[in-house]
Amino acid sequence: MKVLVTGGMGYIGSHTCVQMLEAGIEPIIVDNLFNAKEAVLGRIEALTGKAPLFYHGDIRDEAFLDSVFSAHDIAAVIHFAGLKAVGESVSKPLEYYDNNVNGSLVLARCMEKAGVKSIVFSSSATVYGDPASVPITESFPTGATTNPYGRSKYMVEQCLSDLFVAQSDWSITLLRYFNPVGAHPSGTMGEDPQGIPNNLMPFIAQVAVGRREKLSIFGDDYSTHDGTGVRDYIHVMDLADGHIAALNAVGSKAGLHIYNLGTGTGSSVLDMVEAFSAACGTSLPYEICPRRAGDIAQCWAATEKAERELGWKATRNVAEMSADTWKWQSNNPNGYTSV
């Protein structure tokens, strides 16, 4: 089976491509390399013994996408491509709406022309906003988002949901991720953010490897067990397997399918610092800073629906997430640019 993977050179996309190849699924990657490096291809091939097809281009380029669909018998699409930095989205909202929302509309239009009616969309738990309670189930209200990044994910969900109302023969799967972390256990692939990391784990890793002086922890006065924010961290390999489970379970079934992908367990910022300190063998310096606007106290997933309907469950714990991240970062201190 051939599956178009938009953003397949990025963090989650690349790990998913590895797992797809291992499962006998052929990924066809489209990526503009805005936040990814072409060196990823060689790492995928080294791990799997197979070099996936790669097209360097932008999903907003309709003629380009049409040519890719025309060249291959594509069965489905996994749609990762998108800008994802919350803070940057506040300062550059039009870029986020253009890339994330407009790009998704162009993709859907090209799929429609090509007769490809199965899509797995990389959404986010940010669509839930600040939940009234935890754990968060898929039936919780969405749309009370706190930043343009979250709103762009919510908008794409609405566009795809409306498409299904109009054309009920589509299979549309919305995967709402919680907090992806970790790296391939080989230490050869991992998260390589460009510039200052926007997420906790890569920042911790860069402090541990000496690229940054200390970690800033934003707020220690939340109503949590240690005052720092609590999130549901999920290993990127579990997340990758979740996409394959979705493709296999519902990718050929007409319907609007919605699933949380998380572990069902919350860990605080200080919990993660402690786990990473154990993984790298040294205490990591940090400072407590004021809360950031838009941050919420706690957030973790209810995972029963994905387990029941997809036969998928996250299996890797925080210690494994930290150990795999440290192996990646220590082997590749400058990311994919390392010699």
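Remember, predicted model here, so these are calculated numbers, not experimental data. (Residues numbered from 1 in each chain as written. Predicted model: local features only at pLDDT ≥ 70, side-chain atom pairs only at ≥ 80, totals over all residues. Heavy atoms only, no water.)

Novice: When you look at the pairing of strand 8 (residues 215-218) in this model, what are you seeing that I'm missing?
Specialist: Working note: regular strand, side chains alternate between the two faces of the sheet. The alternating pattern of strand 8 places Leu-215 and Ile-217 on a buried face and Ser-216 and Phe-218 on a face that is not buried. In terms of strand pairing, strand 8 meets strand 13 (residues 286-289) through 4 bridges, oriented parallel. Bridging across to strand 13, Phe-218 finds its partner in Cys-289. (Buried < 20%, exposed > 50% of the residue type's maximum accessible area, 1.4 Å probe, protein only. Helix = DSSP H or I, 4+ residues; strand = E, 2+ residues; numbered from the N terminus. Pairing = 2+ DSSP bridges.)

Novice: What is the right way to look at the side chain of Arg-176 in this model?
Specialist: Within the element layout of this structure, Arg-176 appears in strand 6 (residues 171-177). For Arg-176, the side chain forms a polar contact with the side chain of Glu-157, separated by 2.7 Å. (Polar contact = N/O pair within 3.5 Å; in protein donor to acceptor, adjacent residues only side chain to side chain.)

Novice: Would you take a moment to explain unusual backbone geometry for this structure?
Specialist: If a residue is not glycine, its phi is most likely negative; likewise, a peptide bond is most likely trans. In this model, Val-134 is joined to Pro-135 through a cis peptide bond whose omega is 0°. Within the secondary structure, Pro-135 sits in the loop between strand 5 (118-124) and helix 6 (148-166). Even without a glycine there, the phi angle at Leu-33 is positive, about 60°. Here Leu-33 is to be found in the loop between strand 2 (26-31) and helix 2 (39-48). The class for Leu-33 is buried, based on a relative accessible area of 19%.

Novice: It is not clear to me how the packing of aromatic side chains should be interpreted in this structure. Could you clarify?
Specialist: Here a ring pair, both rings aromatic, is described through the centre-centre distance and the interplanar angle of the planes. Here the structure, examined in full by the defined rule, presents 2 aromatic pairs. Relative to Trp-326, the ring of Phe-276 has its centre 6.1 Å away and its plane inclined at 85°; by these criteria the two rings are edge-to-face. Remark: Trp-326 occurs in helix 11 (residues 318-331) and Phe-276 occurs in helix 9 (residues 269-280); sequence separation between them is 50 residues. One exposure class covers both Phe-276 and Trp-326, and it is buried. Sitting over the face of the ring of Phe-203, Arg-212 holds its NZ or CZ atom 5.7 Å from the ring centroid. If you follow Lys-305 out to its NZ or CZ, it ends over the ring of Tyr-259, 5.1 Å from the centre. (Phe/Tyr/Trp six-rings, centres within 6.5 Å; stacked < 30°, edge-to-face > 60°. Lys NZ or Arg CZ within 6 Å of the ring centre and 35° of its normal.)

Novice: How do you make sense of the sheet that holds strand 6 when you look at a structure like this?
Specialist: Hydrogen bonds between backbone groups are what pair the strands of a sheet, and the pairing can be parallel or antiparallel. Within the open sheet, the 7 strands sit side by side as 3-2-1-4-5-6-11. Their pairing is parallel. Strands at the two margins of the open sheet, each flanked by one partner only, are strand 3 (53-56) and strand 11 (255-261). The sheet shows a mean angle of 20° between the axes of neighbouring strands, taken without regard to direction. Sheet analysis places strand 2 next to strand 3, joined by 4 bridges and oriented parallel. Considered in strand 3, the bridge of Ile-28 is made with Leu-53. (Axes fitted to C-alpha atoms, helices over the stretch in contact; angles between N-to-C directions.)

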